[in-house]
Amino acid sequence: MSVKYALLGILSERERHGYELKAAFDERVGEFWSLNYGQIYTTLDRLEREGLVERRDEPQARRPDRKIYRVTSKGRRELESWLGRPVARPRALRDELFIKLLFRAGGDVDPVLDLVHEQKEVYLGHLRRLTQRKFALAKQPQRDDRLVTDLLIDAALFHAEADVRWLAHAEQKLRAASRRRARPREESR
Amino acid sequence: MIRLRNVVKTYRQGRAAVPALQGVSLDVAEGAFVSVMGASGSGKSTMLHLIGGLDVPDSGSISVGGQQLGRLSDDELTLFRRRKIGFVFQFFNLLPTLTAEENVALPLLLDGKSLHEARPRVESLLERVGLGARRCHKPDELSGGEMQRVAIARALVVDPLLVLADEPTGNLDSKTGEEILHLMKETAEQARQTVVMVTHDARAAAYGERIVTLKDGRVVGDLCGEEGERP
């Protein structure tokens, strides 16, 4: 859904053709979100059908016409209204790890604990990579979008931190559950 | 720079023996920024205290900057701590009756220098941590972040080989904590100092280029190298 608004937002600055659009998108958020040309052109077609952007074809010598897109006034209103609305649906809990845990549940706890530990190290590595990026960013000259990039990195950091904390919590619960299973009699006394 | 071999430390609590470190071996390269993570009771603070010569192991050996700590007398250890190591603590540990400037100068004063001699170094460090205008303030006139900046300047005043930090952001809000970690990393890079920082906070730990995880007194994770790859 927000590919649509990201493209609208970039086009609201000035008109662009598809290649320029992708370059602008990659420069702003490419680190977190990759789009291919197919997605860009499909989305542009839809925006055009909805009357949110309009296209003009610029002839080029010995090459197909260049398609240049600009936002319509309807498109601007739509973008403004979207920018002002909070995001209704929080991040989906659809991690591959949950599926792995699901099929491991009930069996021997040790391989699960190993997996949880390995996964925690992966997230720590991710946190560290993001932090080094943040540290490098702070050394660059101040630009308008530096703060936004910094905040995007922060968001990724908070999410990864939540994952690390959840894994530590899961580890404790798994250990406790396996202790209970190993000593059912003591438990019932 | 730091070399731990089979370090064991057990504390006594009444009659019970509480194992804090159960055979830890670790090498830290010069100039590295290493985070040590672990839950409370994992042995991470004990490890920091042993590296800093604030406590001695039951067995095993520790060397810092080529110096075997076990071979030093108490007096030598005190001098070693004062001249070679900078400490940064969770609760800042500043002296409440002294100004920021006097707190920063303290390690030099203890080493026999006068405040007059210490002043140029102290002033430049207070400037460096962004507190040039606060040098005559006492700790209770400073915010938490400012107190930690004073503590960092105090840790750096002797130009230590090694900076040891125990939960340096544990008492700060997340934005201030970020600024403090940034400052620590930046000053360490500039002075090519080695840093060992203990924390239970994954986001703080991520400032280290290496993240060692302790659990029940043992090293269970050691993340170093690029992009989170295993050594």
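Conventions used here
- Residues numbered from 1 in each chain as written.
- Chains lettered and ligands numbered in written order.
- Predicted model: local features only at pLDDT ≥ 70, side-chain atom pairs only at ≥ 80, totals over all residues.
- Heavy atoms only, no water.
- Phe/Tyr/Trp six-rings, centres within 6.5 Å; stacked < 30°, edge-to-face > 60°.
- Helix = DSSP H or I, 4+ residues; strand = E, 2+ residues; numbered from the N terminus.
- Lys NZ or Arg CZ within 6 Å of the ring centre and 35° of its normal.
- Salt bridge = Lys/Arg side-chain N within 4 Å of Asp/Glu carboxyl O.
- Buried < 20%, exposed > 50% of the residue type's maximum accessible area, 1.4 Å probe, protein only.
- Lys, Arg positive; Asp, Glu negative; His and termini not counted.
- Polar contact = N/O pair within 3.5 Å; in protein donor to acceptor, adjacent residues only side chain to side chain.
- Contact = heavy atoms within 4.5 Å.

**Q** Got a minute to help me understand the packing of aromatic side chains in this structure?
**A** The full count for this structure, using the stated rule, is three aromatic pairs over all chains. Residues A:Tyr5 and A:Trp82 carry aromatic rings whose centres are separated by 4.4 Å and whose planes lie at 0 degrees to one another, so their mutual orientation is stacked. Remark: A:Trp82 occurs in helix H4 (residues 73-84) and A:Tyr5 occurs in helix H1 (residues 2-13); sequence separation between them is 77 residues. Here the basic side chain of A:Lys22 rests over the ring of A:Tyr37, its NZ or CZ set 5.6 Å away from the ring centre. Looking at B:Lys185, its charged tip hangs above the ring of B:Phe33, at a distance of 5.5 Å from the centre.

**Q** Help me out: how do you make sense of the pattern of salt bridges in this one?
**A** Oppositely charged side chains can form a pair if their charged atoms are brought close together. Going through the model one piece at a time under the given rule, you end up with 33 salt bridges over all chains. A salt bridge links B:Arg83 to B:Asp111; the shortest N-O distance between them is 3.0 Å. Of this pair, B:Arg83 sits in helix H2 (residues 74-84) while B:Asp111 is found in the loop between helix H3 (100-110) and helix H4 (115-128), placing the two residues 28 residues apart along the sequence. Note on B:Asp111: relative accessible area 28%, which makes it partly exposed. A salt bridge links B:Arg135 to B:Glu123; its shortest N-O distance comes to 3.8 Å. Of this pair, B:Arg135 sits in the loop between H4 and helix H5 (144-156) while B:Glu123 sits in helix H4; the two residues are twelve residues apart in sequence, bridging distant segments of the chain. For B:Arg135, a relative accessible area of 31% gives the class partly exposed. Members of the salt-bridge network, linked through shared partners, are A:Glu15, A:Arg56, A:Glu58 and A:Arg66.

**Q** What is the right way to read the side chain of B:Arg154 from this model?
**A** All names here are of chain B. Tracing the backbone through its elements, the reader meets Arg154 in helix H5. We note that Arg154 is buried and unpaired, the nearest opposite charge coming from Glu102 at a distance of 12 Å. Polar contacts involving the side chain of Arg154 include one to the main-chain carbonyl oxygen of Asn93, which spans 2.7 Å. The residues contacting Arg154, other than those within four sequence positions of it, are Phe87, Phe92, Asn93, Leu94, Asn103, Val104 and Pro107.

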